[in-house]
Amino acid sequence: MSVLLDKKTPVDGMQAQLNIASRAAARFNVAKLAPPNFCNTTHRSRCLAQLRSKNNGLEKYIFLNGLKERDPSMFYSLLYDNMPEMVPILYTPTVGDACKNYSHIWRRPEGLYVSIGDKGRIREVLSTWPNLREARIAVVTDGSRILGLGDLGANGLPISIGKLDLYIAGAGVRPTSTVPICLDLGTSTKEYLDDPFYIGVRRPRPDVAEMDEFMQEFMEAMKEVFPNLLVQFEDFSTDNAFRYLDMFRDKYRCFNDDIQGTGAVVLSGFMNAARLASAASGRPLSEHRILFFGAGSAGTGVAKQLLSFFKFLGLSEEEAKKQIWTVDSKGLIAAGRQGLQEHKKFFARTDYEGPPLTNLVDIINYVKPTALLGLSTIRNAFNKDVITAMSAHNERPIIFPLSNPVAMSEVDYEEAVEWTNGKVIFASGSPYASVTRNAKTYEPGQGNNMYIFPGIGLGTLLSRASRVTDSMVEQASIALATSLDEEESAASLVYPRLDRIRDISAQIALTVIRASQNANVDNSPNLRHVTDNVLLSHIKEQMWHPQTSAELNKL
């Protein structure tokens, strides 16, 4: 049996009844109650027109959420065919608004909540999930650091739902094999504790000891209840993100998207950006200097992943570390600073002993970086003076404002193009439109994790890997970097276009499977001795596809 399950595999309990009822209702409605000239192709166009008639992103999100409940086949078919339009609604940036307002727009259960009050009986709670046999991948958040929006508590569930929609659309993971989970552990945000509509438990977040006990029980229960499950941790607070990745990565099949996924996708884009910048300047690739503005879990995770860029070029880890500088709210991070958080010590500079450097322009003029990466969630942190300083040191400055959503972006694309006279090499975390300046159109890159995590998940599932290794993530990044087609390369893009995501995910899955085999963590021996072409065909055959318009018309 395929790890993604055959289409004929039955589902369990309540979900089976819901699916049967939904299909029966669909057939009855179309056959008995639809207008005489009903045509599903026309209805697809009608659904798109209704979506586009909504006045703002949140209304569009609510509409699509309702469509998924009423007609999941139509929802996934539309998503598959219109990803560039619909992904920004279901994922960043609109999902941030959905999370902030989730207690007020909640309509029905959409995922699994595991509460701090469930400690001692978590296994029992997990066992209530209707699709136990089919479950293959879970996205788990505790809502403590949603995008750049902070502690949203139980309102964070749409993050898990949105990520899993991208697994379905981007990698062909079957919808019934996905498990969105929010750990309802309280919130430190008074606004939600005082909100009469808040859907979560009304208590402060647990201390370290209580949290550790909960997470240990949760992960043990997950392995017992869902033995075939891959767990993706999402939007945990910085300290907990590193803590639980380190605690669980060698014991369970899991990874952290904010640390490893973000790191991998940025490494991929940086590989291509560095080549473009070096071609313009003549600077050797090994001499690139990277400045990180933001040193939380995402920033530190990305910085560690970018060590691989220099190590690929033959530098040692210590030599690679010397090419990376980090900045937080107090300025350039130096080893002599008192009270430095543990995760910031790795990149703390030991070669700077002067007075604290707190102004970003001053730091740029001191470091003279070729690349400036933003993971700070500080809107407009890269102002004109900052971009001008980067341009003064580089023929083609690399500017990656990676904070999500757009409201937290360090600089907008149009400004970056204007302030560099079109020379910027740009990638953002959230989508931006192309910019036309002096009769030339500039196309931005989007360093979005959805390029990487669906392929990592698909490859991990198909290989039945016992754990997700660093080499699997690293090889996924290389596969993404080399996935540009001729047209995209000619346009000097750093990421491929989103409409090719399924082919990209298949290529990433192939490299992940090979990396798992090389690390001896795979458990699919039948895939070890096939050629890459045969393996790629197998991967694509395993991808689930939504029903076509013709199939829908037969209902």
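The chain appears in an unreviewed UniProt entry as Malic enzyme from Bondarzewia mesenterica. The chain has a UniProt comment under Sequence similarities (unreviewed entry) that states "Belongs to the malic enzymes family."

The 7 strands lie next to each other as 8-7-6-9-10-11-14, forming an open sheet whose pairing is mixed. Whereas interior strands pair on both sides, the edge strands pair on one side only; in this sheet they are strand 8 (331-332) and strand 14 (445-446). For strand 10 (residues 398-401) and strand 11 (residues 425-428), the ladder comprises 2 bridges, and the chain directions are parallel. Opposite I398, over in strand 11, you have I425 as the bridge partner.

In this structure's numbering, the residues bearing the UniProt feature "domain: Malic enzyme NAD-binding" (unreviewed entry) are residues 259-517. Helix makes up 44% of residues 259-517 and strand 12%, and the two end C-alpha atoms of the span are 23 Å apart.

Of all hydrophobic cores here, the largest spans 101 residues; its most connected members are L306 and L373. Residues contacting L373, with those up to four places away along its chain left out, are V266, I290, L291, F292, F293, V302, L306, F382, F400 and L402.

Read from one edge of the open sheet, 5 strands run 1-3-2-4-5, paired in parallel fashion. Only two strands of the sheet have a single partner each, and these edge strands are strand 1 (112-115) and strand 5 (254-256). Neighbour to neighbour, the strand axes of the sheet diverge by 25° on average, direction disregarded. Of the strands in this sheet, strand 4 (230-234) and strand 5 are in contact with helix 13 (residues 257-281), which crosses strand 5 at around 70°. Against the sheet, helix 19 (residues 453-463) engages strand 2 (137-141), strand 4 and strand 5, with an angle of about 155° to strand 4.

Definitions and cut-offs
Residues numbered from 1 in each chain as written. Predicted model: local features only at pLDDT ≥ 70, side-chain atom pairs only at ≥ 80, totals over all residues. Heavy atoms only, no water. UniProt positions renumbered as here; feature names shortened; annotations may be inferred. Pairing = 2+ DSSP bridges. Helix = DSSP H or I, 4+ residues; strand = E, 2+ residues; numbered from the N terminus. Core = buried A, V, L, I, M, F, W, Y, C linked by side-chain atoms within 4.5 Å. Buried < 20%, exposed > 50% of the residue type's maximum accessible area, 1.4 Å probe, protein only. Contact = heavy atoms within 4.5 Å. Axes fitted to C-alpha atoms, helices over the stretch in contact; angles between N-to-C directions.

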